[in-house]
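# Architecture at a glance
Each chain, letter by letter, is given below.
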Amino acid sequence: MGRLQQGRLLPAPDLVVCEEPLEIQVSGTPVAVVMRTPGHDRELALGFVVTERVVAEVDEVAAVHHGSVEAEAAGSENVVRVHLRAGIAPDLERLRRNLFASSSCGICGKATLEQVLATAPPLDDPTQIDAGLFGTLPERLRRGQAVFDETGGLHAAALFSPEGTLRVLREDVGRHNAVDKVVGWALERERLPLSGHLLLVSGRISFEVAQKALAARIPVVAAVSAPSSLAVELAEEARMTLVGFLRGDGFNVYGARDRIRT
């Protein structure tokens, strides 16, 4: 690559974030291809099947394998196979429709909200978090982003306890992938549902991030930037708490405001 310095374009080395496709299979059937940063692929696949409501319970997953027979023969690991317990038959066609809808324009927001709430009901979580804790979180997230330091091109998601203890932090080129990796981490350790936890994401809170948090039963989602309008609507309907524009000691609160203790 080249770098412009003092009016001259000079050759210079650079590190760029890796982005590759990952095929997720469920019981032998390909259900999605996600563009992700390689690493923690098992967690990504496990988080995906939870947040996209392929499985409802932890014990529905029997095994996870990284790579298919064909992929292994070709030297590729861009496939994760999730095997479900005998007798578990998810509606994979519904999943494909949902994935298409989430990536398409013109889909009715009201219908999308109703669909999410039909599979992930509103939260009944009494968790309260001190307002003063939030101001400390962005810097802690930033300090944990080792790959971002080298490339400047990754998002992050971090899971905290109500007292501010960092449980796990994951990076990915996709913010929603980072959230799935966090949820997959919890699934592997049998920590779902994630009641009483706080999720912090870099950038903004999209509808997709909010619905994934709801599926994992995370009551509070925070970000340094803004939530989208549909994420706010989901928070209000699902009794989630969204914290946006988290900068310094001030922030905005959307949805269930009673979880912020002042």
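Residue positions are given per chain, counting from 1 as you read along its sequence in written order. Totals for whole chains, interfaces and linings use every residue, but because this is a predicted model, local features are given only for residues with pLDDT of at least 70 and side-chain atom pairs only at 80 or more, for both listing and counting. The side-chain values count all of the structure's non-hydrogen atoms but skip hydrogen atoms and water molecules.

## Here we look at the overall build of the protein
- Across its full length, the protein holds ten helices and 14 strands.
- Exposure categories follow from relative accessible area, calculated using a 1.4 Å probe and restricted to protein chains: below 20% of the type maximum is buried, above 50% is exposed, and the middle band is partly exposed. Sorting the 262 residues of the protein into buried and exposed places 47% on the buried side.
- Sequence-distant contacts, at least 24 apart, represent 51% of the contacts inside the protein between residues at least 6 apart.
- Accessible surface area values rest on a Shrake-Rupley calculation with a 1.4 Å probe, where residue burial reflects the displayed protein chains alone. Carbon and sulfur atoms provide 51% of the accessible area of the protein, an area that totals close to 12700 Å². Secondary structure elements are defined from DSSP: runs of H or I of at least 4 residues count as helices, runs of E of at least 2 residues count as strands, and each element is numbered from the N terminus. Note on definitions: a residue-residue contact is assigned when non-hydrogen atoms from the two residues lie within 4.5 Å.

## A word on the sheet that holds strand S4 (residues 29–36)
- We treat two strands as partners when DSSP finds at least two bridges between them. Reading across from one edge, S4-S3-S6-S5 is the order of the four strands in this open sheet, with mixed pairing throughout. The strands lining the two open edges of the sheet, one partner per strand, are S4 and strand S5 (61–66). Averaged over all pairs of adjacent strands, the angle between their axes in this sheet comes to 20°, without regard to strand direction.
- Bridge count for strand S3 (residues 20–26) against S4 is seven bridges, and the pairing is antiparallel. Across the sheet, the residue bridging to Ile-24 is Ala-32, located in S4. Only the contacting stretch of a helix is used when fitting its axis, a line to C-alpha atoms as for every element, and angles between N-to-C directions run 0 to 180 degrees.

## Section: the side chain of Arg-170
- Here Arg-170 is to be found in strand S9 (residues 166–172).
- Polar contact criterion, stated in full: a pair of N or O atoms within 3.5 Å, where within protein one must be able to donate a hydrogen and the other to accept it, and residues adjacent in sequence count only if both atoms are side-chain atoms. One polar contact links Arg-170 to Glu-43, side chain to side chain, over a distance of 2.7 Å.

## Details of the environment of Lys-181
- By the element assignment, Lys-181 lies in helix H8 (residues 175–188).
- Look at Lys-181 and you get buried, because its relative accessible area is 1%.
- Through-space distance from the C-alpha of Lys-181 to that of Arg-42 is 8.1 Å; in sequence the pair is 139 residues apart.
- Leave out the neighbours within four places in its chain, and Lys-181 touches Thr-37, Gly-39, His-40, Glu-43, Leu-44, Arg-170, Glu-171 and Asp-172.
- Within the local environment of Lys-181, its side chain forms a polar contact with the backbone oxygen of Gly-39, the two atoms lying 2.9 Å apart.

## Here's the deal with the confidence of the model for the protein
- Here the protein shows a mean pLDDT of 86. Residues at 70 or above account for 84%.
- A residue's pLDDT is the confidence the predictor assigns to it, expressed on a 0 to 100 scale. Within the protein, helix H2 (residues 69–73) has the poorest average pLDDT of any element, 50, and strand S11 (residues 220–223) the best, 98.
- In this model, residues 71–75 is a region of pLDDT below 50 whose contacts with residues beyond four sequence positions or in other chains number five contacts.

## Thoughts on the sheet that holds strand S12 (residues 241–247)
- Spatially, the six strands line up as an open sheet ordered S9-S8-S10-S11-S12-S13, and their pairing is mixed. Edge positions in the sheet fall to S9 and strand S13 (250–255), since each of these pairs with one other strand and no more. Across this sheet, the average inter-strand angle for adjacent strands is 20°, counted without regard to direction.
- Sheet topology places S12 next to S13; five bridges connect them, and they run antiparallel. Its bridge partner being in S13, Thr-241 is matched across the sheet by Gly-255.

## Things to note about the pairing of S9
- Most of S9 is tucked away: five of the seven residues are buried.
- Summarising the sheet, strand S8 (residues 155–160) and S9 pair through six bridges and their orientation is antiparallel. Along S9, the bridge assignment pairs Ala-158 with Leu-169.
- Taking the residues between adjacent antiparallel strands as the criterion, S8 and S9 are bridged by five residues, where Gly-164 takes a positive phi near 100°.

## Concerning the packing of aromatic side chains
- Here a Phe, Tyr or Trp ring, Trp counted by its six-membered ring, pairs with any other such ring whose centre lies within 6.5 Å, and the pair is stacked when the planes are under 30 degrees apart, edge-to-face when over 60, and tilted otherwise. Enumeration over the complete set of coordinates arrives at one aromatic pair.
- When the ring of Phe-134 is compared with that of Phe-251, the centres are 5.2 Å apart and the planes differ by 50°; the resulting orientation is tilted. Of this pair, Phe-134 sits in helix H5 (residues 131–134) while Phe-251 sits in strand S13, and the two are 117 residues apart along the sequence.

## A few points about the environment of Met-35
- Within the secondary structure, Met-35 sits in strand S4.
- On the basis of relative accessible area, Met-35 is assigned to the partly exposed category, the value being 42%.
- Spatially, the C-alpha atom of Met-35 lies 5.5 Å from that of Glu-20, the residues being 15 residues apart in sequence.
- Here Met-35 is in contact with Glu-19, Glu-20, Pro-21, Asp-172, Val-173 and Asn-177, once residues within four sequence places are set aside.

## A look at the pattern of salt bridges
- What counts as a salt bridge is simple: a side-chain nitrogen of Lys or Arg found within 4 Å of a carboxyl oxygen of Asp or Glu. For the coordinates displayed, the defined rule picks out ten salt bridges.
- Taking the shortest distance from any N to any O, the salt bridge between Glu-43 and Arg-170 comes out at 2.7 Å. Pair noted here: Glu-43 is in helix H1 (residues 41–51) and Arg-170 is in strand S9, with a separation of 127 residues, a long-range link. Arg-170 matches Glu-43 in its accessibility class, with the two residues each being buried.
- Put simply, Asp-172 and Lys-181 hold a salt bridge, and the shortest N to O gap is 2.7 Å. As far as the burial class goes, Asp-172 and Lys-181 line up, both buried.
- Each of Glu-20, Arg-36 and Asp-41 takes part in salt bridges that share partners, so that together they form one network.

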